[in-house]
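What follows is the residue order along each chain.
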2 protein chains.
Amino acid sequence: MQSIYGKCPFATTQRVLQGKWAIVVLFQLSSGKKRFNQLEKSLPEITRTALTRQLRQLEEDKLIIRTVYPEVPPRVEYLLSPIGDKFKKVLDEIEIFGLDYIAQLIS
Amino acid sequence: MQSIYGKCPFATTQRVLQGKWAIVVLFQLSSGKKRFNQLEKSLPEITRTALTRQLRQLEEDKLIIRTVYPEVPPRVEYLLSPIGDKFKKVLDEIEIFGLDYIAQLIS
DNA sequence: CTGGATCCCACGCGATACTG
DNA sequence: CAGTATCGCGTGGGATCCAG
């Protein structure tokens, strides 16, 4: 099961992107750090539980960094890690492709 | 559930890439058309059934084209569709990112 | 405000056997 | 050679309730 790691850059990336909301969350963070509530509002289709799970997964995968400010009320910020930042190049191409793809589906 | 379509290029692409073997299969086809057996040999970790399913899914998603030659023994070739071809740009960035990411995980 | 803890179900995926 | 059919299970994801 771990055989996929350290081998193929495509299989490894695939694994990270398996989470249903991985790409959209990474996109939301590509423009800078965001608080949990901001993400929630930006993604009306995702439930709070699902968003939390996806954020935890991305954090475990070292793509994002979670910072908790011990305040009242609590404030938690998410931002791309250095390696997560490098994923923005992928996001750019995904956006180009996605728009093209959607247009293709319609016609 | 279909609300994801025609909206966000990231969510749409995410959906296509959900299949566990989508990216690696697309990569295999990015270098040109391949026969079923070729794909199977290139991907030793994927079972025949899973490969078939993934190919069917990608075909349904209009990213690949399946051509059956009515011969004996049968020959079936897969190749990227025009829109699938445009996904190669994404693959290029995924490869760059993936290699970087793997290196990051080791250190 | 930002979650955690459960429950629960559908679907994805693997394994196996069979086929034109 | 290139599949199909079927089954069974594990897990991802939604819903709901609870909490610091």
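Please read these numbers as outputs of a predicted model, since none were measured by experiment.

1. A word on the interface of chain B and chain A
Alright, step 1. Taken together, the contact between chain B and chain A spans 43 residues of the former and 43 residues of the latter.
Alright, step 2. Each partner contributes to the roughly 4000 Å² buried at the junction of chain B and chain A, and carbon and sulfur atoms together form 72% of this total.
Alright, step 3. Looking only at chain B, the three residues that lose the most surface to chain A are Phe10, Phe97 and Tyr101 of chain B, adding up to 20% of its buried area.
Alright, step 4. For the pair chain B and chain A, the interface holds four salt bridges.
Alright, step 5. Asp100 of chain B serves as the salt-bridge partner of Lys86 of chain A, at 3.0 Å between the closest nitrogen and oxygen.
Alright, step 6. Connecting chain B to chain A are 14 residue pairs in polar contact (both at pLDDT 80 or more).
Alright, step 7. Secondary structure elements with two or more residues in the side of chain B that touches chain A: helix H1 (9–17), helix H2 (22–30), helix H5 (82–86) and helix H6 (88–106) of chain B.
Alright, step 8. Take the side of chain B that touches chain A: its biggest share by element is 14 residues, from H6 of chain B.

2. Quick look at the relation of the copies chain B and chain A
Alright, step 1. Its rotation angle being 180°, the transformation that places chain B on chain A also includes 0.0 Å of axial translation and leaves an RMSD of 0.0 Å. The relationship between the two copies is best expressed as a two-fold rotation axis.
Alright, step 2. Comparing contact sets, 100% of the residues at the interface of chain B also lie at the interface in chain A, consistent with an isologous, same-surface contact.

3. Here we look at the sheet that holds strand S3 (residues 75–80) of chain B
Residue and element names in this part refer to chain B.
Alright, step 1. Read across the open sheet, the three strands follow the order S1-S3-S2; overall the sheet is antiparallel. Each edge of the sheet is formed by a strand with only one pairing partner; in this case those strands are strand S1 (34–35) and strand S2 (64–69).
Alright, step 2. One ladder, built from two bridges, connects S1 with S3; its direction is antiparallel. The residue of S3 that forms the bridge with Arg35 is Glu77.
Alright, step 3. Each of S2 and S3 touches helix H4 (residues 48–60); the most contacted strand, S2, lies at about 115° to it.

4. Observations concerning the protein's contact with DNA strand D
Alright, step 1. Around DNA strand D, 22 residues are found, and the nearest of them are Arg53 of chain A together with Asn37, Arg48, Arg66 and Tyr78 of chain B.
Alright, step 2. A share of 65% is what sugar and phosphate atoms reach among the atoms of DNA strand D within 4 Å of the protein.
Alright, step 3. Take Asn37 of chain B: an N or O atom from its side chain is 2.8 Å from a phosphate oxygen of DNA strand D.
Alright, step 4. For DNA strand D, a phosphate oxygen lies 3.1 Å from a polar atom in the side chain of Arg56 of chain B.

Criteria and thresholds
- Residues numbered from 1 in each chain as written.
- Chains lettered and ligands numbered in written order.
- Predicted model: local features only at pLDDT ≥ 70, side-chain atom pairs only at ≥ 80, totals over all residues.
- Heavy atoms only, no water.
- Contact = heavy atoms within 4.5 Å.
- Buried area = accessible area lost by both parts, 1.4 Å probe.
- Salt bridge = Lys/Arg side-chain N within 4 Å of Asp/Glu carboxyl O.
- Polar contact = N/O pair within 3.5 Å; in protein donor to acceptor, adjacent residues only side chain to side chain.
- Helix = DSSP H or I, 4+ residues; strand = E, 2+ residues; numbered from the N terminus.
- Least-squares fit on C-alpha atoms with pLDDT ≥ 70 in both.
- Pairing = 2+ DSSP bridges.
- Axes fitted to C-alpha atoms, helices over the stretch in contact; angles between N-to-C directions.
- Near = heavy atom within 4 Å.

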